[in-house]
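# Topology and contacts: notes
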Amino acid sequence: IGDTIRVSLTEDPEFEVPVAQKIALRYDKRLNHTPILNVSEPSLNWSPFDYKKRLSTEITNIGATNVPRVVADFSYLDKITPSDLGAVGHTYDVRLDKWHMADLGCDYIYFGENNIDFMLPNGVKGIYTSSVWNNLPDKLNNYPVFGVDEYFNTISHSATLNFIKLTTDEVTTSFLTKLSNQKNNIVLLLGSNNINAVADLRNTFFNLSKTELQIPVFIFRVYNTADEEEFMLHASTDCGSLLIDGFSDGIMLTNKQIKQYRVNQISFGILQAARARVTKTEYISCPSCGRTLFDLQETTAMIRKETDHLKGVKIAIMGCIVNGPGEMADADYGYVGSGVGKITLYRGKEVVKKGIEKETAVN
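What comes next is a walk through the structure. Since this is a predicted model, take the numbers as computed values, not measurements.

Further remarks concern a negative patch on the surface. Taken together, the side chains of Glu11, Asp12, Glu14, Asp295 and Glu298 make up a negatively charged region of the molecular surface. In this structure, Glu14 sits in the segment before helix 1 (16-26).

Right, dumping it as structure tokens:
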């Protein structure tokens, strides 16, 4: 949908074009893609113009009014040690024998076939293949993941939480009927093999909304690019599109070629940008134009340095008084150029101070 792409960065304008090109290139040569079967009309509960979160049942800390959860994928690692968890926001202090959790600490870790030999930090739960989970001594803080047939053909399930990992083509009428007869302790890890994954996943959410099932759903996506910017753009457009639709109770991103700490940062960054889960200070700034009355990049960096500890606060940095107040509509505080060398400060939409010298305005 649409004939143009607009990219606005707080950088020099020539850096915006390559980003737009990377986004556009991904959608080239898709005319002969695999059709998305059983395309449904959107449920009356969904509108592309209004945000409304999909209703889902609460299971432990998942679904309902809980923020979307982040699952880190460690299943492809050969050997996992406590120090590896530092990449996903959980640092082990050997001297104190204590775990420290950062703001970007993941909620679950998918270990797959690995069987770790240490206790996880409080607040983090492990996910294992059912065969490994069956032999774990601690089944209270760890949960199994099944394939579709595997789940219905086994009698050994967690009484608390079970994950079913599947793709959109496995969400059939038969599967949904079987699911309706199960206990309310299932979360779907939903992926797609279609090149148009967003449309395919969205269509599956439509089909789910036509049933009475309110099962929580996590989106999982696998990427193979070593280009970090490309990975960030692809993951953001895939997951972000669905999150702002109100779909998904969590995400799991996998990319073996990108460092784990960056995959984790990008996961939380997507949730923050979609306003689904706020874990850091939010900055809103204009892309800079001929009316900008100060060095936007330099000023943004200075403001970030002084305020990046204010978790959850939205701060707008706008170059001029013409469009600034409108573009920063949902910001908590605003820093707006109002004349040569002069700054006006806002609290919400209210002017707090006018005509401050730019040399003292940041403080």
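So that's the structure; there's more coming.
Bringing helix 1 into the picture now. Those residues of helix 1 not exposed but buried are Glu16, Val19, Ala20 and Arg26. Projected down its long axis, helix 1 shows its buried positions confined to an angular sector of 130°, all on one face. Of the residues in helix 1, the exposed ones pointing more than 90 degrees away from the buried face are Gln21 and Leu25. Close packing links the buried residues of helix 1 with strand 9 (217-222) and helix 6 (228-243).

Counting residues in each nonpolar core, the largest one holds 56 residues, and the members touching the most others are Ile109 and Leu188. Those residues within four positions of Leu188 in sequence are excluded, and the remaining contacts are Ile164, Leu166, Phe175, Leu179, Ile215, Pro216, Val217 and Phe218. Among the nonpolar cores identified, the runner-up in size contains 19 residues, and Leu296, Ile303, Ile317 and Met328 belong to it.

On to helix 7 (residues 260-273), then. Counted at 1.5 Å a residue, the expected span for helix 7 with its 14 residues is 20 Å, and the 20 Å between its end C-alpha atoms agrees. For helix 7, the buried fraction is high: 10 of the 14 residues fall into the buried class. Of all the residues in helix 7, the buried ones are Gln260, Arg262, Val263, Asn264, Ile266, Ser267, Phe268, Ile270, Leu271 and Gln272. Buried residues in helix 7 make contact with strand 1 (69-73), helix 6, strand 10 (250-254) and strand 11 (282-285).

Tracing the chain through its elements places Asn114 in the loop between strand 4 (108-112) and strand 5 (125-129). Judged by relative accessible area, which is 14%, Asn114 ranks as buried. Polar side-chain contacts of Asn114 include one of 3.4 Å to the backbone oxygen of Ser75. Of note is the side chain of Asn114, whose polar atom sits 3.2 Å from the backbone oxygen of Leu77. Ignoring any residue separated from it by four or fewer positions in sequence, one finds Asn114 in contact with Phe74, Ser75, Leu77, Asp78, Ile80, Tyr128 and Val132.

Turning to the pairing of strand 14 (residues 342-347), a few remarks are in order. Both strand 13 (residues 333-339) and strand 14 contribute to a ladder of six bridges, which runs antiparallel. Directly across from Gly334, in strand 14, lies its bridge partner Tyr346. Adjacent in sequence and paired antiparallel, strand 13 and strand 14 are bridged by two residues, among which Gly341 carries a positive phi angle near 75°. Looking at chain direction, strand 14 and strand 15 (residues 350-357) are connected through five bridges and run antiparallel. Note that in strand 15 the partner of Leu345 across the bridge is Lys353.

On to the side chain of Thr281. Mapping Thr281 onto the fold places it in the loop between helix 7 and strand 11. Of the polar contacts made by the side chain of Thr281, one reaches the backbone oxygen of Thr307; its length is 3.2 Å. Within the structure, Thr281 has its side chain in polar contact with the backbone oxygen of Leu310 (distance 3.1 Å). Excluding residues that lie within four positions of it along the chain, Thr281 makes contacts with Gln272, Thr307, Asp308, His309, Leu310, Lys311, Gly312, Val313 and Ile315.

The next thing to look at is the packing of helix 1 against helix 6. Interhelical geometry of helix 1 versus helix 6 gives an angle of 60° and a closest axis separation of 10 Å. Judged by the inter-axis angle, helix 1 sits oblique to helix 6. Like other packed secondary-structure pairs, helix 1 and helix 6 cross with a definite hand, here right-handed. Contact residues: helix 1 offers Val19, Lys22, Ile23 and Arg26, while helix 6 offers Glu229, Glu230, Leu233, His234, Thr237 and Asp238.

Time to look at the packing of aromatic side chains. This structure, assessed with the given rule, holds 14 aromatic pairs. Considering the side-chain rings of Tyr92 and Trp99, the 5.1 Å spacing of their centres and the 50° angle between planes classify their relative orientation as tilted. Taking 5.4 Å as the distance between ring centres and 70° as the angle between the ring planes, the aromatic pair formed by Tyr223 and Phe231 counts as edge-to-face. By the burial criterion, Tyr223 is buried, and Phe231 matches it. Within the aromatic cluster, the residues linked to one another by ring pairs are Tyr108, Tyr143, Phe163 and Phe218. One cation-aromatic arrangement involves Lys165 over Phe220; the distance from NZ or CZ to the ring centre is 4.9 Å. Across the ring face of Phe152, the terminal group of Lys178 is positioned such that the distance to the ring centre comes to 5.3 Å.

Around the barrel, eight strands lie side by side as 1-4-5-6-7-8-9-10; this closed barrel has parallel pairing. For this sheet the average axis-to-axis angle between neighbouring strands, irrespective of direction, equals 25°. Across the sheet, helix 5 (residues 197-209) lies against strand 8 (186-191) and strand 9, angled at about 160° from strand 9, the strand it touches most.

Of all five residues in strand 5, four are buried, a share of seventy percent or more. Of the pairings in the sheet, the one linking strand 4 to strand 5 comprises four bridges and is parallel in character. When the bridges of strand 5 are listed, Tyr108 appears paired with Lys125. One ladder, built from four bridges, connects strand 5 with strand 6 (residues 142-146); its direction is parallel. In the sheet register, Ile127 faces strand 6, and the bridge partner there is Tyr143.

Definitions and limits used
- Residues numbered from 1 in each chain as written.
- Predicted model: local features only at pLDDT ≥ 70, side-chain atom pairs only at ≥ 80, totals over all residues.
- Heavy atoms only, no water.
- Patch = residues over 30% accessible without salt bridge, like charges linked within 9 Å, V, L, I, M, F, W, Y side chains within 5 Å.
- Areas by Shrake-Rupley, 256 points an atom, 1.4 Å probe, with all protein chains shown as cover.
- Salt bridge = Lys/Arg side-chain N within 4 Å of Asp/Glu carboxyl O.
- Lys, Arg positive; Asp, Glu negative; His and termini not counted.
- Charge placed at Lys NZ, Arg CZ, Asp CG, Glu CD.
- Helix = DSSP H or I, 4+ residues; strand = E, 2+ residues; numbered from the N terminus.
- Buried < 20%, exposed > 50% of the residue type's maximum accessible area, 1.4 Å probe, protein only.
- Arc of directions from axis to C-beta.
- Contact = heavy atoms within 4.5 Å.
- Core = buried A, V, L, I, M, F, W, Y, C linked by side-chain atoms within 4.5 Å.
- Expected span 1.5 Å × (residues − 1).
- Polar contact = N/O pair within 3.5 Å; in protein donor to acceptor, adjacent residues only side chain to side chain.
- Pairing = 2+ DSSP bridges.
- Axes fitted to C-alpha atoms, helices over the stretch in contact; angles between N-to-C directions.
- Parallel < 35°, antiparallel > 145°, perpendicular 65-115°, else oblique.
- Left-handed = near helix turned anticlockwise from the far one by under 90°.
- Phe/Tyr/Trp six-rings, centres within 6.5 Å; stacked < 30°, edge-to-face > 60°.
- Lys NZ or Arg CZ within 6 Å of the ring centre and 35° of its normal.

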